[in-house]
Amino acid sequence: MSDWKWTQIANHNTLTEGPVWDGSGLLYNECSAHTTFRWDPKLTESSVWRENTGAANGMTFDRQGQLFVCEGDAHRVTKVNLEDPNLSPSIVSDTFAGRTLNSPNDLAVDSLGRVFFTDPNYTDEPSNLDHQSVYMTEHTFGGNWNTLRVTFDTLQPNGVLLSIDQKTLFVAESSQVSGQVRQLRAYPVREDGTLGDHQVLHDFGQARGVDGMTLTSSGTIIATAGFSNSGPGPLLYEFEPSGRVVRTHPTPADSPTNCTYGGSSLSTLFVTFAGGEVYKVDDTGYVGHLSYPQRRF
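Rules behind the numbers
- Every residue gets a number counted from 1 within its own chain, in the order that chain's sequence is written.
- Per-residue local features of the predicted model are confined to residues with pLDDT of at least 70, and side-chain atom pairs are confined, for both listing and counting, to 80 or more; whole-chain, interface and lining totals are unaffected and use all residues.
- The side-chain values count all of the structure's non-hydrogen atoms but skip hydrogen atoms and water molecules.
- Strand pairing is assigned whenever DSSP identifies at least 2 bridges connecting the two strands.
- Helix and strand assignments follow DSSP, with helices taken as H or I runs no shorter than four residues and strands as E runs no shorter than two, numbered in order from the N terminus.
- To define axes, lines are fitted to C-alpha atoms, for helices over the stretch in contact only, and angles between the resulting N-to-C directions are given on a 0 to 180 degree scale.
- Site definitions follow a grid-based scheme: protein atoms alone, a 1 Å grid, a 1.4 Å probe that fits but cannot get out for cavities, and for pockets an open set with protein on both sides within 12 Å along at least five of seven lines, plus lining residues having an atom within 4 Å of a point.
- Grid points are joined across faces, edges and corners, and a volume is the space filled by probe spheres set on the points.
- Residue polarity follows a fixed list, in which Ala, Val, Leu, Ile, Met, Phe, Trp, Tyr, Cys and Pro are nonpolar, Asp, Glu, Lys and Arg are charged, and the others, Gly among them, are polar.
- Relative accessibility thresholds used throughout: buried, under 20% of the residue-type maximum; exposed, over 50%; partly exposed, between the two (1.4 Å probe, protein chains only).
- In what follows, salt bridge is the name for a side-chain nitrogen of Lys or Arg lying within 4 Å of a carboxyl oxygen of Asp or Glu.

Brief notes about the sheet that holds strand E1 (residues 6–11)
Logical step 1: Across the sheet, four strands lie side by side as E1-E26-E25-E24; this open sheet has antiparallel pairing. With partners counted over all chains shown, the strands left at the sheet margins are E1 and strand E24 (256–262), one partner each. Each strand axis lies, on average, 25 degrees off the axis of its neighbour in the sheet, ignoring direction.

Quick look at the structure:
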């Protein structure tokens, strides 16, 4: 049994996703409500931070504190203005080879400002593209963004995470189609941002695979996976970079979706859930490794 102490900090009507710590509070999305909320630890309550989000899902900061967002229903990756989040965001990527993206889900930004993002289709609507892939988009000299497809073997990629040395991109291959694989994969990152052949770190069989991930300062991957319908149930996994499972932690709600570290010392873990719940764990024994903000003492 997990010795983690879970505290519920918010409860919404539908799936919550994409938590990020902004330095003094937690931003997270209620996807189908097209709303980003901000939880204030001093007030211990959440308030609306951004509306009309395009069903925003995954979010992340780069090292300069710029906020990048996957907007699934809007079929795009954007950069949101932190001072006025309801301004029209800057579009980072919304097409590939002249066609509209499927439903960008999660993303990671490296120290060069390159954005890696997944583009699955978990809806009942036909896909806009004939593949569901991971992409890398980067600034060109003209100030525009150039998007490259970097996986050619994914079926429904979900969560994505860079290793501490940025030489590995961890990808959750989490198909919802019966019979397809649910795996945590590691892809080597080449100097040009393209990816090499993947290694399977963990195979979940037909249980629910990884949805979202975050990284600790020691390189341990904290991942959300599982649900009550099959397999070992809803869990948070601690993975070594090699894929070895260190331990698992049962969750207080079903179907955990994503997680991130935050708090003044980046030692509090925040977790979102498919039922709309948001929880925190104040002491997991780890400190988060975040691009932004830097750890404060």
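What to know about the layout of surface pockets
Once rolled over the atoms, a probe with the size of a water molecule shows which space is left empty.
Logical step 1: Empty space within the largest pocket amounts to approximately 660 Å³.
Logical step 2: Forming the walls of the largest pocket are 27 residues, and the residues nearest its centre are Leu15, Asn57, Asn105, Tyr122 and Gln176.
Logical step 3: Among the residues making up the lining of the largest pocket, the classes are represented as 10 nonpolar, 12 polar and five charged.

Quick word on unusual backbone geometry
Logical step 1: Each neighbour pair has its own omega, and for Tyr292 with Pro293 the value is -5 degrees, a cis peptide bond.
Logical step 2: Unlike most non-glycine residues, Asn52 shows phi in positive territory, near 55 degrees.
Logical step 3: Its location among the elements puts Asn52 in the loop between strand E5 (45–51) and strand E6 (56–61).
Logical step 4: By relative accessible area, which is 69% here, Asn52 ends up exposed.
Logical step 5: Of note in this structure, Gln166 is not a glycine but carries a positive phi near 65 degrees.
Logical step 6: Counting through the fold element by element, Gln166 comes out in the loop between strand E16 (157–162) and strand E17 (168–174).
Logical step 7: Judged by its relative accessible area of 21%, Gln166 is partly exposed.

What about the pairing of strand E14 (residues 133–139)?
Logical step 1: The buried fraction of E14 amounts to five of the seven residues, a majority that puts the element mostly inside the structure.
Logical step 2: Pairing of strand E13 (residues 115–119) with E14 involves five bridges; the strand directions are antiparallel. The residue bridging Thr118 from the neighbouring strand is Val134, located in E14.
Logical step 3: Across five bridges, E14 lies against strand E15 (residues 145–149) in antiparallel orientation. If you follow Thr137 over to E15, its bridge partner there is Thr147.
Logical step 4: Counted along the chain from E14 to the antiparallel partner E15, the turn is five residues long, and its residue Gly143 has a positive phi close to 90 degrees.

So, the sheet that holds strand E3 (residues 26–30)
Logical step 1: Here we have four strands laid out as an open sheet, ordered E2-E3-E4-E5, and antiparallel in their pairing. In this open sheet, the two strands that pair with only one neighbour each are strand E2 (16–21) and E5. Ignoring which end each strand starts from, the neighbouring axes of this sheet average 25 degrees apart.

Details of the pattern of salt bridges
Logical step 1: Under the criterion given, the structure shown has 10 salt bridges.
Logical step 2: Where Asp153 meets Arg185, a salt bridge forms, and the shortest distance between an N and an O atom there is 3.7 Å. Of the two residues, Asp153 is situated in the loop between E15 and E16 and Arg185 in strand E18 (residues 182–188); the sequence distance between them amounts to 32 residues.
Logical step 3: The exposure class of Asp153 is partly exposed, given its relative accessible area of 32%.
Logical step 4: Exposure remark for Arg185: the relative accessible area of 6% places this residue in the buried category.
Logical step 5: The partner of Arg208 in a salt bridge is Asp211, and the shortest N-O contact between them spans 3.0 Å.
Logical step 6: Under the relative-accessibility criterion, Arg208 is labelled buried at 17%.
Logical step 7: Salt bridges sharing common partners tie together Arg50, Glu71 and Arg76.

Function-wise, these values are silent; they only describe arrangement.
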